[in-house]
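Below, each chain spelled out in residue letters.
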Amino acid sequence: MSLNDTLRLGMPLLQPAQAQKHVTVNEALMRLDGLVNLVLQSRAVTEPPEVVIDGQCWGVPSGAVGAWAGQAGKIAIGSNGGWMFVAPQAGMRSQIVDLGVEAVHDGQAWVPGALSMGGFGSALMAGMAEAEVQVGSGATFDTGVVIPAGVMVIGAAARVTQPITGSLSTWKLGNIGAEDRFGSGLGRGQGSWARGLLGSPMSFYSPANIVMTAEGGQFAGGTVRISVHWLELRIPRS
């Protein structure tokens, strides 16, 4: 970090008798435009987008290529068709668009869903998985939405976006072995919904897929948006 830059955000400082001051000021404003109320599109994409949008930010992962090569761990801010890079600081927060959660930086990495953060990197985290599912045929349908291992599930929710067709009368939402864990007697029509909030949160020690089960018949088609929500403990760093 240059002595001519601010320590935290690396914003360029005006110098005495500096020419073209607008260039320095504009660069600082572009950094602020990206970093204030920070939103990262992803922290997993390794290749820069073909179209650079001013102020749009990305978390650069290991193995990044192209204009992001050698910038792992930094925030890439779109600026005038190119990129500015800023190192995140411990305690910074950002929405992670492709995960649908807020993350906190622990000084080494982004921690998605962190609700609390200890000095050794331990955290209580909130997580979710969601998908828009094209319902297949049969009595039971695996949605592909997965509950990961080592989490405490709070509940799951669903909304029918295209009517569910078939010979069924209603349907259930759950996981294998507990097919109605998140709801039963659910509607088939567009706009029907389920809010499966568990009275006692359920801990999962191995992955489990969310399944839909037909009641009184079988599925033939339809579209449903499904989400599942959980809490997770992060182990302190070594």
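Residues numbered from 1 in each chain as written. Predicted model: local features only at pLDDT ≥ 70, side-chain atom pairs only at ≥ 80, totals over all residues. Heavy atoms only, no water.

## Quick word on the overall build of the chain
Note the cut-off: In this text, helices come from DSSP runs of H or I with a minimum length of four residues, and strands from runs of E with a minimum of two, each type numbered from the N-terminal end. Radius of gyration: over C-alpha atoms. The globule rule applied is 2.2 Å multiplied by the number of residues raised to the 0.38 power. Burial classes: relative accessible area under 20% of the type maximum marks a residue as buried, over 50% as exposed, and values in between as partly exposed (1.4 Å probe, protein chains only). Where accessible areas are quoted, they stem from the Shrake-Rupley method and a 1.4 Å probe; at the residue level, only the protein chains shown are allowed to cover.
Each helix and strand in the chain was counted, giving one helix and 16 strands. Expected size for 238 residues packed as a compact globule is a radius of gyration near 18 Å; at 23 Å, the chain overshoots this value by more than 25%. Based on the C-alpha atoms only, the size of the chain along its principal axes is roughly 80 × 40 × 25 Å. Put simply, the chain has 238 residues, and 41% of those count as buried. Summed over all atoms, the accessible surface of the chain reaches about 12500 Å², with 54% contributed by carbon and sulfur.

## Digging into the packing of aromatic side chains
Here is the rule we go by: Centre distance within 6.5 Å is the pairing criterion for rings of Phe, Tyr and Trp, where only the six-membered ring of Trp is used; planes under 30 degrees apart are then read as stacked, over 60 as edge-to-face, and the remainder as tilted.
Enumeration according to the criterion identifies two aromatic pairs in this entry. When the ring of Trp58 is compared with that of Trp68, the centres are 5.9 Å apart and the planes differ by 45°; the resulting orientation is tilted. Remark: Trp68 occurs in the loop between β2 (57–59) and β3 (75–79) and Trp58 occurs in strand β2; sequence separation between them is ten residues. Given a relative accessible area of 0%, Trp68 falls into the buried group.

## Focus: the sheet that holds strand β10 (residues 140–147)
Using the following cut-off: Any two strands between which DSSP finds at least two bridges are classified as paired. An axis is simply a line fitted to the C-alpha atoms; with a helix, the fit covers only the stretch in contact. Between two such axes, the angle follows the N-to-C directions and lies from 0 to 180 degrees.
Read across the open sheet, the four strands follow the order β10-β15-β12-β13; overall the sheet is antiparallel. Sheet topology places β10 and β13 (178–186) at the edges, where each strand pairs with a single neighbour. Recorded for the sheet is a direction-independent mean angle of 25° between the axes of neighbouring strands.

## Examining the pattern of salt bridges
Rule in force here: One side-chain nitrogen of Lys or Arg within 4 Å of one carboxyl oxygen of Asp or Glu is enough to make a salt bridge.
On inspection of all chains with the given rule, the structure shows four salt bridges. Among the ionic pairs, Arg93 bridges to Glu102, the shortest N-O distance being 3.0 Å. The partner of Asp106 in a salt bridge is Arg234, and the shortest N-O contact between them spans 3.1 Å. Within this pair, whereas Asp106 is found in the loop between β6 (101–105) and β7 (110–112), its partner Arg234 is found in strand β16 (residues 219–234), the two being separated by 128 residues in sequence. Several salt bridges converge on common partners, so that one network encompasses Asp106, Arg234 and Arg237.

## Examining the layout of surface pockets
How we decide: A 1.4 Å probe that fits into a set of points on a 1 Å grid over the protein atoms alone but cannot get out defines a cavity; an open set with protein on both sides within 12 Å along at least five of seven lines defines a pocket, and lining residues are those with an atom within 4 Å of a point. Grid points are joined across faces, edges and corners, and a volume is the space filled by probe spheres set on the points. Gly is put with the polar residues, along with every residue not named as nonpolar or charged; the nonpolar set is Ala, Val, Leu, Ile, Met, Phe, Trp, Tyr, Cys and Pro, and the charged set is Asp, Glu, Lys and Arg.
The volume enclosed by the largest pocket comes to roughly 240 Å³. Forming the boundary of the largest pocket are 15 residues, of which Leu99, Val101, Gly127, Met128 and Trp230 lie nearest the centre. Where the lining of the largest pocket is concerned, the elements lending two or more residues are β9 (123–134) and β16. The greatest single-element share of the lining of the largest pocket, amounting to six residues, is contributed by β9. Across the lining of the largest pocket, the residue classes break down as nine nonpolar, three polar and three charged. Counted as a void, the second largest pocket has a volume near 170 Å³. Taken together, Leu124, Gly150, Val151, Met152, Ser203, Phe204, Tyr205, Leu231, Glu232 and Leu233 make up the lining of the second largest pocket. Looking at the lining of the second largest pocket, the elements that each hand over two or more residues are β11 (151–166), β14 (193–204) and β16. Broken down by element, the lining of the second largest pocket gets its largest block of residues, three residues, from β16. Here the lining of the second largest pocket is built from residues that sort into seven nonpolar, two polar and one charged.

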